[in-house]
Structure formats: structure tokens, C-alpha cells
Amino acid sequence: MYITLETDYAVRIVSVLCIDGGKIDAKTISERSGVMLRFALKILRKLVSADIIKSYKGAQGGYEINRDPSEITLRMVIEAIEGTYYFSRCLSDEKGCSRGADGACCYQRAFGEITKMVREKLDSYNFADMINHSEEFRERCNEQEGAVSAE
């Protein structure tokens, strides 16, 4: 089971906007995130609707992060693209449980607990921490590269 490519791209796009911290045009976002412009525009619309980013129209338009990166979680971005996360569709109000409308399904409790655990874990990752950790990791790799080439 994987997240969709669209969600993976959304995470990249939010990362680009968090790192830059300012207003960026869609073409630059596309280039920096490695997402085709047409697909990036579709994702950007969903992220604007979810209030994660804001858009500016016109010649000086573009996109910028709408919240502090420490307030943006992986769950927020995933759910902006995919909808509310449920381990099983039987937990969704839209789909409901086909095995027992009265909650008698023997799997529903387990699926509910798993859903809660995954949501909590996704909420525990925010973009500020992930980006800072990523920069620290890159710096360590660069330091190690320098030590190896000096030998």
C-alpha cells in the first residue's frame, strides 16, 4: 500500500514552499519540486482549498505557504489530496460498514484503532521539523564526503 503519486507530489510542493518562505510562481514550484506544471497546478488548487497555501492572481501572482511550517502536518497534506484517512472504508460515514450497520463487525474496532494510530503518527510530523532534519542530514553527508575525499 502506497500513498498516491499526487500526494507524494503535494508533500514535495509544500516542502518547496516552506523552504522558500515567500511567494513563488507555479513554474518555479514545478521545477523545484520535479512535478510537471499541469499536475502541480491541480495539486496547488487542492492545497489552496485546504488553506495550507494561498494564491495570488495576476502578473505578480504566485503561491506561498499560508501557515507556519511547524503547524503543517503530513496528515493535513495527505488529507488535502486524498480526503480523510481511514484504514478501511468501512469506517467512513460515506461508505459505512457492509457487515453490520449496528457496529457489530468484528473488524471495525481493530480498523478504528489502526486508523487512530496512523492519524496520530501523521500528525506528529510537521514540515518545520522534517525540513530541519533534512538539512542537518544533508550537512552531515557533505561533511562526511569532505572527510572521505581528504583521505
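**Quick look at the packing of helix H1 (residues 5-20) against helix H2 (residues 26-33)**
Interaxial distance between H1 and H2 falls to 9 Å at its minimum, and their mutual angle equals 110°. Taken together, the axes of H1 and H2 lie roughly perpendicular to each other. Considering the relative orientation of H1 and H2, their crossing is right-handed. Residue-level inspection shows Arg12, Ile13, Val16, Leu17 and Asp20 of H1 in contact with H2, the latter providing Ile29, Arg32 and Ser33. Taken together, the residues of the contact of H1 with H2 break down into 4 nonpolar, 1 polar and 3 charged.

**Overview of the packing of aromatic side chains**
Two aromatic rings are characterised by how far apart their centres lie and by the angle between their planes. Under the criterion given, the structure shown has 3 aromatic pairs. Centroid distance Phe87 to Phe111: 5.3 Å. Interplanar angle 50°. Geometry classified as tilted. Highlighted residues: Phe87 in the loop between helix H4 (74-82) and helix H5 (108-123) and Phe111 in helix H5, separated in sequence by 24 residues. Aromatic side chains Tyr107 and Phe111 sit 6.1 Å apart centroid to centroid with 20° between the ring planes, which places their arrangement in the stacked category.

**A word on the pattern of salt bridges**
Scanning the model with the defined rule gives 10 salt bridges in all. A salt bridge links Glu64 to Lys54; its shortest N-O distance comes to 3.9 Å. Highlighted residues: Glu64 in strand S2 (residues 62-65) and Lys54 in strand S1 (residues 53-56), separated in sequence by 10 residues. What makes Lys54 partly exposed here is its relative accessible area of 32%. Residue Glu79 pairs with Arg75 through a salt bridge whose shortest N-O separation is 3.1 Å. Of the two residues, Glu79 and Arg75 both sit in helix H4, 4 residues apart, roughly one turn of that helix.

**Observations regarding the pairing of S1**
Across 4 bridges, S1 lies against S2 in antiparallel orientation. Pairing of Tyr56 across the sheet is with Gly62, part of S2. Turn length for the S1-S2 hairpin, with the two strands adjacent in sequence and antiparallel, is 5 residues, and the turn residue Gly58 shows positive phi of about 95°.

**So, H1**
A rise of 1.5 Å per residue sets the reference length of H1, with its 16 residues, at 22 Å; its end C-alpha atoms lie 23 Å apart and thus fit the reference within 8%. Where H1 is concerned, the buried positions are Glu6, Thr7, Tyr9, Ala10, Val11, Ile13, Val14, Ser15, Val16, Leu17 and Cys18. Once H1 ends, the next one or two residues include Gly21, with phi positive near 80°.

**Section: the nonpolar core**
Grouped together as the largest cluster of nonpolar side chains are 29 residues, with contacts concentrated most on Ile13, Val14, Leu17, Leu47, Val77 and Phe127. Among the secondary structure elements, those contributing two or more residues to this core are H1, H2, helix H3 (37-49), S2, H4 and helix H6 (127-150). Per element, the largest residue contribution to this core is 8 residues, and it comes from H1. Those residues in contact with Val14 that lie beyond four places of it in its chain are Leu47, Ile52, Ile65, Ile72, Val77 and Phe127.

Here is what the cut-offs are and how they apply
Residues numbered from 1 in each chain as written. Predicted model: local features only at pLDDT ≥ 70, side-chain atom pairs only at ≥ 80, totals over all residues. Heavy atoms only, no water. Axes fitted to C-alpha atoms, helices over the stretch in contact; angles between N-to-C directions. Helix = DSSP H or I, 4+ residues; strand = E, 2+ residues; numbered from the N terminus. Parallel < 35°, antiparallel > 145°, perpendicular 65-115°, else oblique. Left-handed = near helix turned anticlockwise from the far one by under 90°. Contact = heavy atoms within 4.5 Å. Nonpolar A, V, L, I, M, F, W, Y, C, P; charged D, E, K, R; others polar. Phe/Tyr/Trp six-rings, centres within 6.5 Å; stacked < 30°, edge-to-face > 60°. Salt bridge = Lys/Arg side-chain N within 4 Å of Asp/Glu carboxyl O. Buried < 20%, exposed > 50% of the residue type's maximum accessible area, 1.4 Å probe, protein only. Pairing = 2+ DSSP bridges. Expected span 1.5 Å × (residues − 1). Core = buried A, V, L, I, M, F, W, Y, C linked by side-chain atoms within 4.5 Å.

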